[in-house]
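Notes for the structure review
Listed below, chain by chain, are the residues.
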Amino acid sequence: MTVQLWCSDGVFLAQVREDIIVLDVNADSYACLVDAAGWLTVNADGSLQVADDATARGLVAPGLAQMDPPVRPRRTAAPPSRELTPCPAVSTAEILRAGVRMAAATLAFRGRPFPLLIRSAQPSRSRRLPLDSLRLGRSVAAFRGALPWLPLEGECLQRSFQLRRLLVARGVQVDWIFGVRTWPFAAHCWLQIGDMVVGDSLARVKGYTPIMAA
């Protein structure tokens, strides 16, 4: 008889072919359970099914899973099927305004451990504006225009953090998606609004299996 579990707080699992990838946010680490898809089923809501009690105890003991459902449901995101096309040109003033926001985001990013970055991505309570595709496209174009002028490491984590801060400040709520692939292992993160990829390419993110939405 199968046993139902739930991912522990801060632990996220995803199936990639026959393997199960584990993201432990609090430890800022990934792990791979090779060929675990044969005995472990992972659902989008964070619930798990395992074959028996012994297997369940093997997941609960190290803190990967828990017996009780979480207090708050996990965020999920729609499978990406399209991408935002930024405006071809924006004014220098728009780029400067975006640069100021991004510089502030850079200061907020540096030195902040991964768990705090994720907690800072909780849905904003600020006023949300109706989605305006043209305005959104201009915001992303301004972001890209400011990138060469700011001190960046070039990693997707920092870029997506900055872009998210810029968009949230303009009343746009986005999902921060983390994805993985294997053999060789790689991780990537990007932003989405519904099924639309924002600030990245659909072709690129399609190569990753989502493991967490923040």
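In this section: the nonpolar core. Core analysis: the largest hydrophobic core is formed by 44 residues, its most contacted members being Trp176, Phe178, Val198, Ile211 and Met212. Counting residues in hydrophobic clusters, the runner-up holds 15 residues, among them Cys7, Ile20, Leu48 and Val50.

Look at helix H2 (residues 92–109) against helix H5 (residues 156–169): their axes get within 9 Å of each other, and the N-to-C directions meet at 125 degrees. Considering their axes alone, H2 and H5 lie oblique with respect to each other. Both H2 and H5 take part in a crossing whose hand is right-handed. Residues Ala98, Arg101, Met102, Ala105, Thr106, Ala108 and Phe109 of H2 touch H5, and the partners they reach there are Leu157, Gln158, Phe161, Gln162, Arg165, Leu166 and Ala169. Of the residues belonging to the contact of H2 with H5, the class tally is nine nonpolar, three polar and two charged.

Turning our eyes to something else, we now look at the sheet that holds strand S7 (residues 65–66). Pairing between the strands of a sheet comes from backbone hydrogen bonds, and it takes one of two forms, parallel or antiparallel. If you walk across this open sheet you meet the four strands as S5-S6-S1-S7, and the pairing is antiparallel. For this open sheet the edge positions go to strand S5 (40–42) and S7, each flanked by a neighbour on one side alone. Pairing of strand S1 (residues 3–7) with strand S6 (residues 47–50), which is carried by four bridges, proceeds in the antiparallel orientation. When the bridges of S6 are listed, tryptophan 6 appears paired with serine 47. The sheet strands contacting helix H1 (residues 53–60) are S1, S5, S6 and S7, and the helix crosses S1 at an angle near 10 degrees.

Inspection of the entire model under this criterion finds five aromatic pairs. Both rings, one in phenylalanine 109 and one in phenylalanine 161, keep their centres 5.5 Å apart while their planes meet at 55 degrees; by these two values the pair is tilted. Taken together, the residues span a long stretch of sequence, with phenylalanine 109 in helix H2 and phenylalanine 161 in helix H5 at a distance of 52 residues. The pair formed by phenylalanine 109 and phenylalanine 161 is uniform in burial state, with each residue classed as buried. Measuring from centroid to centroid gives 6.2 Å for phenylalanine 161 and tryptophan 176, while their planes differ by 45 degrees, and the two rings are tilted. One end of the pair, phenylalanine 161, is in helix H5; the other, tryptophan 176, is in strand S9 (residues 175–181), with 15 residues separating them in the sequence. The class of tryptophan 176 is buried, set by a relative accessible area of 0%. Ring-pair connections join several aromatic residues into one group, and the members of that group are Phe109, Phe114, Phe161, Trp176 and Phe178.

What follows is about the pairing of S6. Within a regular strand, the side chains alternate between the two sheet faces. As defined by bridge partners, S5 adjoins S6 across three bridges and the pair is classed as antiparallel. Across the sheet, the residue bridging to valine 42 is leucine 48, located in S6. The loop that links S5 with its antiparallel partner S6 comprises four residues; one of these, glycine 46, has a positive phi angle of about 90 degrees.

Close approach of charged atoms allows side chains of opposite charge to pair. If you walk through the whole model with that rule in mind, you get three salt bridges. The partner of arginine 82 in a salt bridge is aspartate 195, and the shortest N-O contact between them spans 2.8 Å. Of this pair, arginine 82 sits in strand S8 (residues 82–83) while aspartate 195 is found in the loop between strand S10 (186–193) and strand S11 (196–198), placing the two residues 113 residues apart along the sequence. Assessed through its relative accessible area of 43%, arginine 82 is described here as partly exposed. Using a relative accessible area of 24% as the deciding quantity, one classes aspartate 195 as partly exposed.

For the pair helix H4 (residues 133–146) and H5, interaxial distance at closest approach is 11 Å and the crossing angle is 135 degrees. One element, H4, and the other, H5, form an angle in the oblique class. Here H4 and H5 pass one another in a crossing that is right-handed. For the pair H4 and H5, contact is made by Leu136, Ser139, Val140 and Phe143 and by Arg159, Gln162, Leu163, Leu166 and Leu167, respectively. Class assignment of the residues belonging to the contact of H4 with H5 gives a composition of six nonpolar, two polar and one charged.

Before going further, it helps to spend a moment on the pairing of S9. Most of S9 sits inside the fold, with six of its seven residues counted as buried. Two elements, S9 and S10, share seven bridges in a ladder whose sense is antiparallel. In the sheet register, aspartate 175 faces S10, and the bridge partner there is glutamine 192. Two successive antiparallel strands, S9 and S10, enclose a turn made up of four residues, where tryptophan 183 displays a positive phi of approximately 50 degrees. Bridge analysis of S9 against strand S12 (residues 209–213) gives four bridges, and the strand direction is antiparallel. Its bridge partner being in S12, glycine 179 is matched across the sheet by proline 210.

Conventions we followed
Residues numbered from 1 in each chain as written. Predicted model: local features only at pLDDT ≥ 70, side-chain atom pairs only at ≥ 80, totals over all residues. Heavy atoms only, no water. Core = buried A, V, L, I, M, F, W, Y, C linked by side-chain atoms within 4.5 Å. Buried < 20%, exposed > 50% of the residue type's maximum accessible area, 1.4 Å probe, protein only. Axes fitted to C-alpha atoms, helices over the stretch in contact; angles between N-to-C directions. Helix = DSSP H or I, 4+ residues; strand = E, 2+ residues; numbered from the N terminus. Parallel < 35°, antiparallel > 145°, perpendicular 65-115°, else oblique. Left-handed = near helix turned anticlockwise from the far one by under 90°. Contact = heavy atoms within 4.5 Å. Nonpolar A, V, L, I, M, F, W, Y, C, P; charged D, E, K, R; others polar. Pairing = 2+ DSSP bridges. Phe/Tyr/Trp six-rings, centres within 6.5 Å; stacked < 30°, edge-to-face > 60°. Salt bridge = Lys/Arg side-chain N within 4 Å of Asp/Glu carboxyl O.

On their own, these measurements won't tell you what the molecule is for.
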